[in-house]
Amino acid sequence: MRIDVVTIFPGYLAPLREALLGRAIEAGLVELGVHDLRDWTHDVHQAVDDSPYGGGPGMVMRPQVWGEALDAVLGDAPARLVVPTPAGRPFTQATAQAWAGEERLVFACGRYEGIDQRVVDAYAQRMPVDEVSIGDYVLVGGEVAVLVMVEAVVRLLPGVLGNPVSAQEDSFSDGLLEGPAYTRPVSWRGLDVPDVLRSGNHAAIARWRRDRALERTAARRPDLLDALPDHALDRTDRAF
Ligand code: ADE
């Protein structure tokens, strides 16, 4: 997979080269390009924003500079363009899974009050474009959202996680939150690891894990339980 990010703060994306993602890049599983939007400005001030039509606070990022930058970064190869914005559709594990199947993702990081809407509208005429939000809160720009989304996508690529079963058993992959996990010692500060996990009874362990996942989801994210299709629950599950 090839990932490009266009931003006015390239340094913000440095963590993409650390740890798991850094190793994925070194191993050639992911190619990453981070581009400074100001490289496509032509004035001495390297201005990327201007005041909004219709008035109001804040500044809007200018379409010309974004157009030149995206034309250069996109080239002719097919890609999906992603624009992080609090006004976007929610980014979820399902989005990460879908994007993990793409050849190429290009992220356009907006700052200020966002990017002139014509940029999204123009590129949407020739390629898939997603305006996405990572949650119901407002960040100062799209860069941190890109860190979040790229990490969620890259860990799903074949060969990136040491143990691919971890990705299959993630929270959300079966529509439920993952239950609690324990390691040695058996007893710590008066708290014990649940006996069933040390029983060696795989069916009982699977049932216990499923029950804890259901219990936790019901308590913390009842919206996820409500959204589960009927066939996702077995008879024992329905007690929750
Ligand atoms: N930019 C600012 N806030 C954001 C959010 N919640 N998600 C994605 N991009 C953003």
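Calculation criteria
Residues numbered from 1 in each chain as written. Predicted model: local features only at pLDDT ≥ 70, side-chain atom pairs only at ≥ 80, totals over all residues. Heavy atoms only, no water. Near = heavy atom within 4 Å. Polar contact = N/O pair within 3.5 Å; in protein donor to acceptor, adjacent residues only side chain to side chain. Areas by Shrake-Rupley, 256 points an atom, 1.4 Å probe, with all protein chains shown as cover. Helix = DSSP H or I, 4+ residues; strand = E, 2+ residues; numbered from the N terminus. Nonpolar A, V, L, I, M, F, W, Y, C, P; charged D, E, K, R; others polar. Salt bridge = Lys/Arg side-chain N within 4 Å of Asp/Glu carboxyl O. Buried < 20%, exposed > 50% of the residue type's maximum accessible area, 1.4 Å probe, protein only. Core = buried A, V, L, I, M, F, W, Y, C linked by side-chain atoms within 4.5 Å. Contact = heavy atoms within 4.5 Å. Pairing = 2+ DSSP bridges. Axes fitted to C-alpha atoms, helices over the stretch in contact; angles between N-to-C directions. Phe/Tyr/Trp six-rings, centres within 6.5 Å; stacked < 30°, edge-to-face > 60°. 1 Å grid on protein atoms, 1.4 Å probe; cavity = no way out; pocket = protein on both sides within 12 Å on 5 of 7 lines; lining within 4 Å. Points joined across faces, edges and corners; volume = space filled by probe spheres on them.

**Things to note about the site of the ligand**
Here is step 1: The ligand sits among Pro84, Thr85, Pro86, Val132, Ser133, Ile134, Gly135, Tyr137, Val138, Leu139, Gly141 and Ala145.
Here is step 2: For the ligand, a nitrogen atom lies 3.0 Å from a polar atom in the backbone of isoleucine 134.
Here is step 3: At 3.1 Å, a backbone N or O of glycine 135 approaches a nitrogen atom of the ligand.
Here is step 4: Look at the ligand: alone it shows 260 Å² of surface, and the protein chains cover 97% of it.
Here is step 5: Those elements giving two or more residues to the shell around the ligand turn out to be strand S5 (80–90) and strand S7 (129–133).
Here is step 6: Broken down by element, the residue count for the shell around the ligand peaks at three residues, all from S5.
Here is step 7: Looking at the shell around the ligand, its residues break down into eight nonpolar, four polar and no charged.

**Description of the pattern of salt bridges**
Here is step 1: Tallied over the entire structure, the rule returns 15 salt bridges.
Here is step 2: The closest approach of N and O atoms between arginine 80 and glutamate 102, which form a salt bridge, is 2.7 Å. Placement of the pair is arginine 80 in strand S5 and glutamate 102 in the loop between helix H3 (93–99) and strand S6 (104–108), with a sequence separation of 22 residues.
Here is step 3: Given the relative accessible area of 18%, arginine 80 is considered buried.
Here is step 4: A relative accessible area of 23% means that glutamate 102 is categorised as partly exposed.
Here is step 5: Between arginine 221 and aspartate 223 there is a salt bridge; the shortest N-O distance is 2.9 Å.
Here is step 6: Because the salt bridges share partners, they merge into one network encompassing Asp174, Arg207, Arg210, Asp211, Asp234 and Asp237.

**Re the nonpolar core**
Here is step 1: Ile3, Val5, Trp99, Phe107, Met149, Val150 and Val154 are the most contacted members of the largest nonpolar core, which totals 31 residues.
Here is step 2: Where this core is concerned, the elements lending two or more residues are strand S1 (2–7), helix H1 (19–26), H3, S6 and helix H5 (143–154).
Here is step 3: Here this core takes eight residues from H5, the largest share from any one element.
Here is step 4: Beyond its immediate stretch of four places on either side in the chain, valine 150 contacts Ile3, Leu16, Leu21 and Phe107.
Here is step 5: Membership of the second largest hydrophobic core comes to 23 residues, among which are Ala69, Leu70, Leu81 and Met127.

**So, the sheet that holds S5**
Paired through their backbone hydrogen bonds, the strands of a sheet run either parallel or antiparallel.
Here is step 1: If you walk across this open sheet you meet the five strands as S2-S1-S6-S5-S7, and the pairing is parallel. The strands lining the two open edges of the sheet, one partner per strand, are strand S2 (31–36) and S7. Averaged over all adjacent pairs, the angle separating strand axes in this sheet is 25 degrees, with direction ignored.
Here is step 2: Sheet topology note: the S5/S6 ladder contains three bridges and is parallel. The residue bridging valine 82 from the neighbouring strand is phenylalanine 107, located in S6.
Here is step 3: On the sheet, helix H4 (residues 117–124) packs against S5 and S7 and is oriented at approximately 135 degrees with respect to S7.

**Some words on the packing of aromatic side chains**
Here is step 1: Within this structure, the stated rule accounts for three aromatic pairs.
Here is step 2: Taken together, the ring pairs connect Phe91, Trp99 and Phe107 into an aromatic cluster.

**Notes on empty space enclosed by the protein**
Here is step 1: Per the counting criterion, the structure on display carries one cavity of 30 Å³ or more.
Here is step 2: Space inside the largest cavity adds up to approximately 50 Å³.
Here is step 3: Looking at the largest cavity, the residues that line it are Ile3, Leu16, Leu21, Ala24, Ile25, Val30, Leu32, Val150 and Val154.
Here is step 4: Sorting the residues of the lining of the largest cavity by element identifies H1 and H5 as the ones contributing at least two each.
Here is step 5: Among the elements that make up the lining of the largest cavity, the one with the highest residue count is H1 (three residues).

**Considering the layout of surface pockets**
Here is step 1: Computed from the structure, the largest pocket encloses a volume of approximately 600 Å³.
Here is step 2: Lining the largest pocket are 26 residues, with Glu169, Glu178, Gly179, Pro180 and Arg209 sitting closest to its centre.
Here is step 3: The dominant element in the lining of the largest pocket, judged by the number of residues it contributes, is helix H7 (residues 202–220), at seven residues.

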